[in-house]
Amino acid sequence: MKQFVVIGCGRFGKSLALKLSELNQEVLVIDQDEDVVNEISPFVNYAVTADVTAEGVLEDLGVQNFDVVIIGMSSNFEASVLVTATAKELGVDTVIAKVKDTLHGKIMTKIGADKVIIPEKETGLRLAHSLTKKSIIDFIEVSEEFSLMEIKAPKNWTNKMIKDLEIRNKYNLSIIAVRRNEDIIINPDADLIIGDSDILSVVGKTSDIEELVNITND
C-alpha cells in the first residue's frame, strides 16, 4: 500500500482519488470547497477543507509523510507552482502536477515536479492504475466499461502457450497483441509461447482486467 495526497478535487482529482481508494491505497484529499470535501469523504481515508497556498498548511497536514502528492489545480497555475515547490521542499518523494499545456508542464518540471499530466492525454483512472500496479505499462479506457491494458507477462504465464492459459474462459479477456523486444505480434496465434519479457495487450471489461492484475504477480 502507498500513501497518496490528491490536491484539488475536480473531475480529474475526484476520479483519481476514488480509483486509488478502490485499489486499497491510503488517500488524503484536500480541496477548498467544503461541499466537494464532504461529498468525497466517505470514499477516502481522509478529506480536508484547506487553502493549500497558505503558509504552513501542507506541513501541518503532514503531506511530507505521504509517498506521492498529485496536484490537480491546473486552472490555478500560480497555486500549482507554489504547492509543487512547497511539497518538494518538504521532502515528498514524488510530486505529480496536472497542467493545461506543454509550456506549463515544462515550467512545473523545472521547479521540481517529477511528472506532469496533460488532461487530454491522461485520465485520473489511468494514472491511478499506473501508480499502483508495477505490472501495468499502459492503460486506455475504450469506454466506461471496457479497457485495454499493456501488462508485463505474469510470471506464471511464461513459457506456456496462449491456448493452455485459457485466458478467455478463466478471465473473460483477450490478448490482442504481444510486444516482444522491437517486434509487435498482432492477434497472436494460440500456439504462441509467452516469453518472460513479453508485453501483452489485453482487452476486456475494466473490472476483469483489474482482477487479472490483482491475482497475477507484479
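Coordinates for the structure precede this section.
Summarised in this report is the structure supplied together with it. (Residues numbered from 1 in each chain as written. Predicted model: local features only at pLDDT ≥ 70, side-chain atom pairs only at ≥ 80, totals over all residues. Heavy atoms only, no water.)

## Quick notes on the sheet that holds strand β1 (residues 3-7)
So, point 1. Read across the sheet, 6 strands follow the order β3-β2-β1-β4-β5-β6 without closing on themselves; strand pairing throughout is parallel. Bordering the open sheet on either side are β3 (46-49) and β6 (115-117), each of which pairs with just one other strand. Averaged over all neighbouring strand pairs, the angle between strand axes comes to 15 degrees, with direction disregarded.
So, point 2. Packed on one face of the sheet, helix α1 (residues 11-22) meets β1, β2 (26-31), β4 (68-71), β5 (94-98) and β6 and runs near 160 degrees to β1.
So, point 3. Where helix α4 (residues 77-89) meets the sheet, its contacts fall on β1, β4 and β5, and the angle it forms with β5 comes to roughly 175 degrees. (Pairing = 2+ DSSP bridges. Helix = DSSP H or I, 4+ residues; strand = E, 2+ residues; numbered from the N terminus. Axes fitted to C-alpha atoms, helices over the stretch in contact; angles between N-to-C directions. Contact = heavy atoms within 4.5 Å.)

## A short note on the pattern of salt bridges
So, point 1. One pass over the full model with this rule turns up 5 salt bridges.
So, point 2. Where Lys163 meets Asp191, a salt bridge forms, and the shortest distance between an N and an O atom there is 2.8 Å. Note that Lys163 is positioned in helix α7 (residues 162-165) and Asp191 in the loop between β10 (183-186) and β11 (199-205), a separation of 28 residues in sequence.
So, point 3. According to the relative accessible area criterion, Lys163 is partly exposed, its value standing at 44%.
So, point 4. Owing to a relative accessible area of 39%, Asp191 belongs among the partly exposed residues under this scheme.
So, point 5. Residue Asp198 pairs with Arg180 through a salt bridge whose shortest N-O separation is 2.7 Å. In this pair, Asp198 is assigned in the loop between β10 and β11 and Arg180 in strand β9 (residues 174-180), connecting sequence segments 18 residues apart.
So, point 6. With a relative accessible area of 1%, Asp198 lands in the buried category. (Salt bridge = Lys/Arg side-chain N within 4 Å of Asp/Glu carboxyl O. Buried < 20%, exposed > 50% of the residue type's maximum accessible area, 1.4 Å probe, protein only.)

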